[in-house]
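Fold and contact review
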Amino acid sequence: MQFSAVQIALLINGRVEGNGEITVNSFGKIEEAAAGQLTFLANPKYEDYLYTTQASLVIINESLELRQPVEATLIRVADAYSAFAVLLNKYQELMQQQLNGIQQPSFIAPSVKLGENVYVAAFAYLSDNVVIGNNVKIYPGVFIGPNVSVGDNSILHPGVKIYNDCVIGKNVTIHASTVIGSDGFGFAPQADGSYKKVPQIGNVVVEDYVEIGSNTSIDRATIGSTIIKTGAKLDNLIQIAHNVEVGNNTVIAAQAGVSGSTKIGSHAQIGGQVGIVGHIQIANGTRINAQSGVTKSIKQPNTAVTGSPAYDYTSSLRSQALSRNLPEIDKRLADLEKLVQQLLTEKVL
Amino acid sequence: MQFSAVQIALLINGRVEGNGEITVNSFGKIEEAAAGQLTFLANPKYEDYLYTTQASLVIINESLELRQPVEATLIRVADAYSAFAVLLNKYQELMQQQLNGIQQPSFIAPSVKLGENVYVAAFAYLSDNVVIGNNVKIYPGVFIGPNVSVGDNSILHPGVKIYNDCVIGKNVTIHASTVIGSDGFGFAPQADGSYKKVPQIGNVVVEDYVEIGSNTSIDRATIGSTIIKTGAKLDNLIQIAHNVEVGNNTVIAAQAGVSGSTKIGSHAQIGGQVGIVGHIQIANGTRINAQSGVTKSIKQPNTAVTGSPAYDYTSSLRSQALSRNLPEIDKRLADLEKLVQQLLTEKVL
Amino acid sequence: MQFSAVQIALLINGRVEGNGEITVNSFGKIEEAAAGQLTFLANPKYEDYLYTTQASLVIINESLELRQPVEATLIRVADAYSAFAVLLNKYQELMQQQLNGIQQPSFIAPSVKLGENVYVAAFAYLSDNVVIGNNVKIYPGVFIGPNVSVGDNSILHPGVKIYNDCVIGKNVTIHASTVIGSDGFGFAPQADGSYKKVPQIGNVVVEDYVEIGSNTSIDRATIGSTIIKTGAKLDNLIQIAHNVEVGNNTVIAAQAGVSGSTKIGSHAQIGGQVGIVGHIQIANGTRINAQSGVTKSIKQPNTAVTGSPAYDYTSSLRSQALSRNLPEIDKRLADLEKLVQQLLTEKVL
């Protein structure tokens, strides 16, 4: 899609300086943008790029005083960064709105209920009794199992798999190849050393405004529900085991894993590659540093922890630093041993 | 599916108390179940829930003496937990048996051999010379490469990808988006600093009664086979490199990774996020704690290890505890240094 | 495919000893190969297997003197290992060349441009304005978003998902279920404790001769490009965050993760399960040991680091060893404390 400088100025309530007829069709960073691209300048430390950028159109602050002539067309607004963000969001909405209707071949069981303005791509599979809300976008290769419901405005990217009986809220985004509702890892050891599967008949509930990255796995509950609460954000390649709860607006970075039945409070921040054992509680506002291993409940809200096993952030960092100094500690100890030995010997003599 | 209390009592050899005509269509936990659901009470500590549950039907022990009236219909059996597990298994079998026949559009090469009572979903792809056993269930979006065989009663969940020449045993379950037989990570460094691919022409053999979680990767052997032996259970997001062997009834938790050519014995238990280097042996019955990094062969069966690098569980925990005390150790050392210095000074004086 | 001993000898410029009419259709290790298989003997320590192998055909060195009669047909060449590798590569090329044409049902938007000799499998999805080079192989269930280009000779294995506007170079191989171009993990905290999505409008550029394993996630840039440079090799289940750069011929092992905006130089070697924080620089030729956590820029080329947090390899190993000895250090310290106390007491007395 092509937009002219004048069209864009209208969208963000800005004022054009230069050629208003010039058109752009994509976005770029000011230092990398090419002809036909739109960029912005908000941080004064990048001002030099304004005079050399190849971008066709630059959004700048109303207050900026030019030190040199600029080749690009300019749009002046009160706050260049906000105006740019507004444009990005409008652009992405526009892209999503273009997706519409049922492509063929797709598989939609006769009992499926579809909302209005829904996109079902080719090779998507909707099983019996699936209920899809309004404005939902279902990309190619998505599988939706029996009795699943998906709320209004949610987006299921290519290859997302949702097993039977799971519930996906409104305004949820799930990225490619993520799996919701695979069986929990439950096996009962038998007398002969083999394992017998414990049936996993619960489900997964993903509440509203949740975003989940790509290649993440969220297992269904053994019984009851694994729950990802409103506003939580999960990155890529994360493991959420059966019967876990992730609280409102909690953020989990890539490759972290949460073991079975652990309950994480709201507004927690969990770093990349963190591991959390099963059957514990993590208080609201807990911050867990990347690669930490959490082995015990964290009861005090807003605690920061690090290390494996994880404990209090500050003292853990101090121990880590001393750990690096162990060769020196070892030497100090050996020196002392010699001195004391010497004192003892002299005393005896 | 709706079942009446009388029908269920018949299945588990139980005795109905209350309205035998009441019907249920799903399962719940006693404290969360709603009308129309079936639950059970086995643990006496949850008995209070029996008098408040919204479930329509509760399985209880023959021996339980009620302290208050119960609204739900009851089924009394010798062992409520076992009876409930029996029901769950029957229910899941029933669900699987409903899946049957070849949906369109699917892609089945003319040379494919299909067993009896097979389910091939829409968008499944079966390449040349694939052999599928009886009662196999192939969900949407599954890819099966040339010359792959899949044994009786196995289930391939949506989006499973199996590369050419791999062998899948009987009664195997593989969860969504898991990849079996991708190329091993083998590249030979060249004089110019680039890497040349080492062709990976082996395969993966998954033996009988193996279960594999979602988003897991099992690479094919460079030559020969990567082998997952009978009864092994692998969780989600696991990496199994080329030429690895995983022994009978070994259990591997989520996000663990095993490097090339390592052989793991039988009945081992490997925790989440564990890493194991290549070309080592792990003895039968080894237990590896979550997040450990195993860098050497473990030769003694039934050893427990932890840490990164991993060693003996008990002494490793002791070192970890002391590691936390390093600030205190550092202080004790400084105090001693002062005292000894004082003694030396006094002696000189 | 069946090949006779004479046909194979011709391909590798070898000399047949024994039955030249015998045919083989696959490869095996000398100690495991079965009738109908081809193998080789290069390492003299495996010579005993030559006299017992079940393989039908064995490639051996011209110089090898037999100590016993051999049942298999032999092909003698100057260097058995090289000849075998040549055969493997030819075989794999042959297998790929057989894949050709457009299978149905596939989805190819009218605006897509296809090169010559392209394979598009059933259930592959090519969106608007996709450009596919010559000899590209697109397996079942692949999704290619709008405006993506894929260079000559590249292979996209089953279920690969490439989001809009990404650029895939020539001779690139991407394994099953890997996701290229999912949204970066960018959310701005709001005053009410919720998070607002930062639009991710950049792309991913994968340069020539890159190979990427299965179930890996490479996020698109917030703005600009996430870049995987020429000749880099990435294993399975890797996380590459938004705006990361991976240098030429850098190798990353399975389950490693690189956080946003970090730039990794060329010829680096990054071990399995390594985590690297965001916004740092990793110098050319850096070697990072498995499970390490890198928290600071590494500026000196060709440095080796280990540990979490990672530092200099040699001193880190020394600290790790002492860490194991902490119980002993603790005991030495306690002994010294007693001795010094004794000296002090005696002095006072």
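Residues numbered from 1 in each chain as written. Chains lettered and ligands numbered in written order. Predicted model: local features only at pLDDT ≥ 70, side-chain atom pairs only at ≥ 80, totals over all residues. Heavy atoms only, no water.

Digging into the overall build of chain A
Going by this rule: Secondary structure elements follow DSSP: runs of H or I of four or more residues count as helices, runs of E of two or more count as strands, with numbering from the N terminus. Computation of the radius of gyration draws on C-alpha atoms alone. For the globule rule, the value is 2.2 Å times the number of residues to the power 0.38. Whether two residues are in contact is decided by their heavy atoms, any of which lying within 4.5 Å being enough. Where accessible areas are quoted, they stem from the Shrake-Rupley method and a 1.4 Å probe; at the residue level, only the protein chains shown are allowed to cover. When charges are counted, Lys and Arg are positive and Asp and Glu negative, with His and the chain ends excluded. Here the site of a charge means atom NZ of a Lys, CZ of an Arg, CG of an Asp or CD of a Glu.
Scanning chain A from terminus to terminus reveals five helices and 40 strands. Taken over the C-alpha trace, chain A has a radius of gyration of 28 Å; the compact-globule value for 349 residues is 20 Å, which it surpasses by more than 25%. A principal-axis box enclosing the C-alpha atoms of chain A has dimensions of 100 × 65 × 30 Å. Put simply, 18% of the contacts in chain A that link residues at least 6 apart link residues at least 24 apart. Accessible surface computed for chain A: about 14100 Å², of which carbon and sulfur atoms make up 51%. Of the charged side chains in chain A, 25 are positive and 29 negative; the average position of the first set lies 8 Å away from that of the second.

Topic: the domain arrangement of chain A
The cut-off we apply is this: Domain boundaries shown here were taken from an automatic or database domain assignment.
Considered domain by domain, chain A is made up of domain 1 (3-97), domain 2 (101-314) and domain 3 (321-345). A straight line from the C-alpha centre of domain 1 of chain A to that of domain 3 of chain A covers 64 Å.

Considerations on the interface of chain B and chain A
Cut-off, in case you're wondering: Here's the idea: put two parts together, see how much 1.4 Å probe accessible area each one loses, and the total over both is what we call buried area. In the sections that follow, a salt bridge refers to a side-chain nitrogen of Lys or Arg positioned within 4 Å of a carboxyl oxygen of Asp or Glu. Each polar contact in these results corresponds to two N or O atoms within 3.5 Å; when the atoms are within protein, one needs to be able to donate a hydrogen and the other to accept it, and residues that are neighboring in sequence are counted only if both atoms are side-chain atoms. Gly is put with the polar residues, along with every residue not named as nonpolar or charged; the nonpolar set is Ala, Val, Leu, Ile, Met, Phe, Trp, Tyr, Cys and Pro, and the charged set is Asp, Glu, Lys and Arg.
Every contact between the two is made by 55 residues of chain B and, on the other side, 59 residues of chain A. Carbon and sulfur atoms make up 62% of the area that chain B and chain A hide from each other, which totals about 4700 Å². Applying the counting criterion to the chain B and chain A interface returns four salt bridges. Notably, a salt bridge pairs Asp330(B) with Arg332(A), separated by 3.1 Å at the nearest N-O pair. Here chain B is connected to chain A by 25 residue pairs in polar contact (both at pLDDT 80 or more). When residues of the side of chain B that touches chain A are traced back to their parent elements, those giving at least two are α3 (80-98), β28 (233-234), β31 (251-252), α4 (313-324) and α5 (326-348) of chain B. Ranked by the residues each element gives to the side of chain B that touches chain A, the list is headed by α5(B), at eleven residues. Considered class by class, the residues forming the side of chain B that touches chain A number 26 nonpolar, 20 polar and nine charged.

Some words on the UniProt feature "active site" (unreviewed entry) in chain A
Residues and elements named next belong to chain A. This is how it is decided: UniProt positions are given in the numbering used here, feature names are shortened, and annotations may be inferred rather than shown by experiment.
Residues annotated in UniProt with the feature "active site" (unreviewed entry) correspond here to His-242. Tracing the chain through its elements places His-242 in the loop between β29 (239-240) and β30 (245-246). Every residue in contact with His-242, bar those within four places of it in the chain, is listed here: Gly-184, Phe-185, Gln-200, Asp-219, Arg-220, Ala-221, Thr-222, Thr-226, Gly-260 and Ser-261.

What about the interface of chain B and chain C?
Facing 59 residues of chain B, the contacting portion of chain C comprises 55 residues. Interface of chain B and chain C: buried area, both sides summed, is about 4700 Å²; carbon and sulfur atoms make up 62% of it. The interface formed by chain B and chain C holds four salt bridges in total. Here Arg332(B) makes a salt bridge to Glu337(C), at a shortest N to O gap of 2.9 Å. Inspection of the chain B/chain C interface yields 24 residue pairs in polar contact (both at pLDDT 80 or more). Contributing elements (two or more residues each) for the side of chain B that touches chain C: β21 (179-182), β23 (195-197), β26 (217-219), α4 and α5 of chain B. When grouped by side-chain class, the residues that make up the side of chain B that touches chain C number 29 nonpolar, 23 polar and seven charged.

A short note on the relation of the copies chain B and chain A
Cut-off, in case you're wondering: In this comparison the copies share one frame, found by least squares on the C-alpha atoms of residues holding pLDDT of at least 70 in both.
Overlaying chain B on chain A yields an RMSD of 0.1 Å, the required transformation being a rotation through 120° with an accompanying axial translation of 0.0 Å. With respect to symmetry, the two chain copies, as superposed, fit the operation of a three-fold axis.

Quick look at the packing of aromatic side chains
What characterises a pair of aromatic rings is the spacing of the ring centres plus the angle enclosed by the ring planes. Which entries qualify depends on this criterion: Ring pairs shown here join Phe, Tyr and Trp side chains whose ring centres sit within 6.5 Å, with only the six-membered ring taken for Trp; geometry is labelled stacked below 30 degrees between planes, edge-to-face above 60, and tilted in between. Definition used: whenever NZ (Lys) or CZ (Arg) falls within 6 Å of the ring centre and also within 35 degrees of the ring normal, the charge is taken to sit over that ring.
In the structure shown here, the tally under the stated rule is 34 aromatic pairs over all chains. On the basis of an interplanar angle of 80° and a centroid distance of 5.3 Å, the ring pair of Phe185(A) and Phe187(A) is categorised as edge-to-face. Here Tyr119(B) and Tyr139(B) contribute two aromatic rings whose centre-to-centre distance is 5.9 Å and whose plane-to-plane angle is 85°, an arrangement assigned as edge-to-face. On the criterion of sequence distance, the pair formed by Tyr119(B) in strand β11 (residues 119-120) and Tyr139(B) in the loop between β14 (137-138) and β15 (143-144) is long-range, its members being 20 residues apart. Put simply, the rings of Phe123(A), Phe107(B), Phe123(B), Tyr125(B), Phe143(B), Tyr119(C), Phe123(C) and Tyr139(C) touch in pairs and so form one group of aromatic residues. Arg324(A) extends its terminal NZ or CZ atom over the ring of Tyr311(C), reaching a point 4.0 Å from the ring centre.

Things to note about the pattern of salt bridges
All names here are of chain A. Stated precisely, the cut-off is as follows: Accessibility here uses a 1.4 Å probe with only protein chains present; expressed as a share of the type maximum, an area under 20% marks a residue as buried, one over 50% as exposed, and anything in between as partly exposed.
Under the criterion given, the structure shown has 39 salt bridges over all chains. Lys-263 is the salt-bridge partner of Glu-245, the closest N and O atoms lying 3.7 Å from each other. Here the residue Glu-245 occupies a position in strand β30, and Lys-263 occupies one in strand β33 (residues 263-264), the gap between them amounting to 18 residues. Since its relative accessible area comes to 22%, Glu-245 is described here as partly exposed. Taken together, the salt bridges that share partners define one network made up of Arg-15, Glu-17, Glu-62 and Arg-76.

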